[in-house]
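Observations on the three-dimensional arrangement
For reference, the chains in residue letters:
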Amino acid sequence: MPHILAANFAAAQTPFESAGLKFLFASIGKEGVAGVQAQNRNFLLHFSPRNDATILKVDKATRPPFLESVKLALVEFANASGATIIRKNFGEIKSVVFSDLFYEPNEFIAKFDRGKKLWIEAGFGSGRHILQNAKRFSDKLHLGAEIHRPSAMRLLRRAEEQGVGNVAALLCDAKTLLAALPSACAERVFAHFPIPWDKSPDRRIFSEPFVKEALRVLEKNGVLHLRTDSQSYFNRALEIAKKFENAAIETKTNEEAITRSKYEDRWRRLNKTIFDLFLTNLRDQTQRSISYNFDFPNAIKPKGEIARGLIANSEKFLLKADRRWQLANEGYLVRLIMGDRLALQTAYLLAQNDRVAYFPSEPIHSPSNFLAHNALIETLYG
Ligand SMILES: C[S@@+](CC[C@H](N)C(=O)[O-])C[C@H]1O[C@@H](n2cnc3c(N)ncnc32)[C@H](O)[C@@H]1O
């Protein structure tokens, strides 16, 4: 990740604009954060003391898909803060335009082309399978959810290089994404060679809540396809699948795949057995009736503040504020850990001038995040 080591740093007064970037706010103290806007995308910088100097880096949870704007922001913020750059781990900064193929999950959900059938891949890794599918099945929209940023970036790069326009990469947990998608919007959901997590099966993606959401998101006769080299994973997945009455189960072993993923190639070379589980949704989905609104009632002045600590903890969701920074121009920023306990999300809340908003963007519009959002409203305005 790009970072800078700087001497004599004292966070610049905000807001200001420099080199096409907007520096929106900064916190007080030697250890803190600064909010940046580049090409209408917001992200955070962190600064903290390192020996006699200050290290500046980008926040992991908010960093944008391409890092050139981050490098520029680090240099501009260090300069505006009167600092001398001692060292930086990057060279020349190129100009950058954000890829259209990369979407924030909420952005994608709000504007995806409903005319195209959706094929979803949970954890696409090398991206070989999703990219091949995108080429072979060009009338479909191929949506990949991946938590590993370099994999998401690599898929975008390859898709752009190869002129493949019907693929979108979302950097997010696939379980949370499914929970936020509308019902009956997809024809296929793939979970290929998921991490086996044999020692902590709770972390497996193919869980009961995942299957429930996948079946809700699938249209009638849509198929959830698990492919794995782990017999114990497969056996457990089969047990889970049998709990769903409105889905037909089919299993296969050592079926040749139309598109082999990198993992599959490896397991084939080792002569491993490959297991397939197909779950076909037999039910017409009723649309989920609630549409989630993540606004804050900003016409009203908040009565309370979000302090550090646990805010809510129930079976359905968790909400805690694990960090808090006081801003230089009044207000505060808190880091929130929220949502489904098995797929917790990081989000930031910015409270300034009696207005409260998520920064840089709202959490994924999933039911568990919505419960957490309501707990925030209760704490702030209750
Ligand atoms: C073993 S790799 C398999 C990749 C690919 N499906 C293949 O067949 O080559 C599993 C991938 O799933 C991703 N992953 C794990 N948990 C995930 C989750 N909850 N949501 C999205 N991606 C996830 C990992 O980052 C990794 O890239």
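Residues numbered from 1 in each chain as written. Predicted model: local features only at pLDDT ≥ 70, side-chain atom pairs only at ≥ 80, totals over all residues. Heavy atoms only, no water.

Looking at the overall build of the protein
What the protein contains, in helices and strands, is nine helices and 19 strands. A compact globule built from 382 residues should have a C-alpha radius of gyration of about 21 Å, and the protein, at 23 Å, falls within 12% of that. Dimensions of the protein along its principal axes, counting C-alpha atoms only, are 65 × 50 × 40 Å. For the protein, the proportion of its 382 residues judged to be buried stands at 53%. (Helix = DSSP H or I, 4+ residues; strand = E, 2+ residues; numbered from the N terminus. Rg over C-alpha atoms; globule rule 2.2 N^0.38 Å. Buried < 20%, exposed > 50% of the residue type's maximum accessible area, 1.4 Å probe, protein only.)

A few points about the layout of surface pockets
Empty space among the atoms becomes apparent when a probe as large as a water molecule is rolled across them. In this structure, the largest pocket spans a volume of roughly 1,200 Å³. Lining the largest pocket are 42 residues, with Lys60, Ala61, Thr62, Leu171 and Thr346 positioned closest to its centre. With four residues, the single largest contributor to the lining of the largest pocket is strand β18 (residues 345-352). Residues of the lining of the largest pocket, tallied by class, amount to 20 nonpolar, eleven polar and eleven charged. Quantified by volume, the second largest pocket comes out at close to 860 Å³. Around the second largest pocket, the lining comprises 35 residues; the ones closest to its centre are Gly123, Glu146, Ile147, Pro194 and Ile195. Only β8 (117-122), β9 (140-146), α4 (149-161), α5 (174-180) and α8 (262-269) provide two or more residues apiece to the lining of the second largest pocket. (1 Å grid on protein atoms, 1.4 Å probe; cavity = no way out; pocket = protein on both sides within 12 Å on 5 of 7 lines; lining within 4 Å. Points joined across faces, edges and corners; volume = space filled by probe spheres on them. Nonpolar A, V, L, I, M, F, W, Y, C, P; charged D, E, K, R; others polar.)

So, the site of the ligand
In the vicinity of the ligand there are 16 residues, among which Gly123, Glu146, Ala174, His192 and Ser261 approach most closely. Aspartate 173 is positioned such that a nitrogen or oxygen atom in its side chain is 3.2 Å from a nitrogen atom of the ligand. Measuring from a nitrogen atom of the ligand, one finds a backbone N or O atom of alanine 174 at 2.9 Å. Taking 600 Å² as the accessible area of the ligand by itself, protein coverage stands at 89%. Its atoms largely coinciding with the cavity grid, the ligand occupies the second largest pocket. (Near = heavy atom within 4 Å. Polar contact = N/O pair within 3.5 Å; in protein donor to acceptor, adjacent residues only side chain to side chain. Areas by Shrake-Rupley, 256 points an atom, 1.4 Å probe, with all protein chains shown as cover. Sits in = over half its atoms within 2 Å of the grid points.)

Re α4
Residue pairs spaced three or four apart in an α-helix point in one direction, given the helix's 3.6 residues per turn. Between its first and last C-alpha, α4 extends 18 Å over 13 residues, near the 18 Å set by a 1.5 Å rise per residue. Here α4 has its buried residues at Arg149, Ser151, Ala152, Met153, Leu155, Leu156 and Ala159. Once α4 finishes, glycine 163 follows within two positions and takes phi at roughly 65°, a positive value. (Expected span 1.5 Å × (residues − 1).)

A look at a positive patch on the surface
On the surface, Arg157, Arg158, Lys262, Arg266 and Arg269 cluster together to form a positively charged patch. Looking at the positive patch, the elements with two or more residues in it are α4 and α8. Considering every element that reaches the positive patch, the biggest residue donor is α8, with three residues. Within the element layout of this structure, arginine 157 appears in helix α4. For arginine 157, a relative accessible area of 45% translates into the label partly exposed. (Patch = residues over 30% accessible without salt bridge, like charges linked within 9 Å, V, L, I, M, F, W, Y side chains within 5 Å. Salt bridge = Lys/Arg side-chain N within 4 Å of Asp/Glu carboxyl O. Lys, Arg positive; Asp, Glu negative; His and termini not counted. Charge placed at Lys NZ, Arg CZ, Asp CG, Glu CD.)

Quick notes on the sheet that holds strand β6 (residues 53-58)
Across the sheet, which stays open at both edges, the seven strands sit in the order β2-β3-β4-β5-β6-β1-β7 with antiparallel pairing between neighbours. Here the strands that pair on one side only, and so sit at the sheet edges, are β2 (16-18) and β7 (84-88). Averaged over all neighbouring strand pairs, the angle between strand axes comes to 30°, with direction disregarded. Pairing of strand β4 (residues 32-38) with strand β5 (residues 41-50) involves seven bridges; the strand directions are antiparallel. Within β5, the position partnered with valine 36 by the bridge is phenylalanine 43. Strand contacts of helix α1 (residues 68-80): β1 (3-7), β2, β3 (21-26), β4, β5, β6 and β7, with the helix running at about 60° to β3, the strand carrying the most contacts. (Pairing = 2+ DSSP bridges. Axes fitted to C-alpha atoms, helices over the stretch in contact; angles between N-to-C directions. Contact = heavy atoms within 4.5 Å.)

Some thoughts on unusual backbone geometry
Between threonine 14 and proline 15 the backbone carries a cis peptide bond, its omega angle lying at -5°. Along the chain, proline 15 turns up in the loop between β1 and β2. Put simply, phenylalanine 359 and proline 360 share a cis peptide bond, and its omega is -5°. Considering the arrangement of structural elements, one finds proline 360 in the loop between β19 (355-359) and α9 (367-381). A positive phi angle, near 55°, is found at asparagine 51, a position not held by glycine.

Concerning the domain arrangement of the protein
How large an interface is tends to be reported as the accessible area lost when its parts come together. Each assigned domain of the protein is listed with its residue range as follows: domain 1 (3-88), domain 2 (105-281) and domain 3 (309-381). Taken over C-alpha atoms, the centre of domain 1 sits 37 Å from the centre of domain 2. The partner domain 2 presents four residues to the five residues of domain 1 that form the contact. A buried area of about 410 Å², summed over both sides, lies between domain 1 and domain 2, and 49% of it is on carbon and sulfur atoms. Considering only the side of domain 1, the residues that lose the most area to domain 2 are Arg63, Pro65 and Phe66, jointly responsible for 78% of the buried surface there. Summed over the shared surface of domain 1 and domain 2, the result is one salt bridge. A salt bridge links glutamate 107 to arginine 41; the nearest nitrogen and oxygen atoms lie 3.9 Å apart. Counting across the interface, domain 1 meets domain 2 through two residue pairs in polar contact (both at pLDDT 80 or more). (Domains from an automatic or database assignment. Buried area = accessible area lost by both parts, 1.4 Å probe.)

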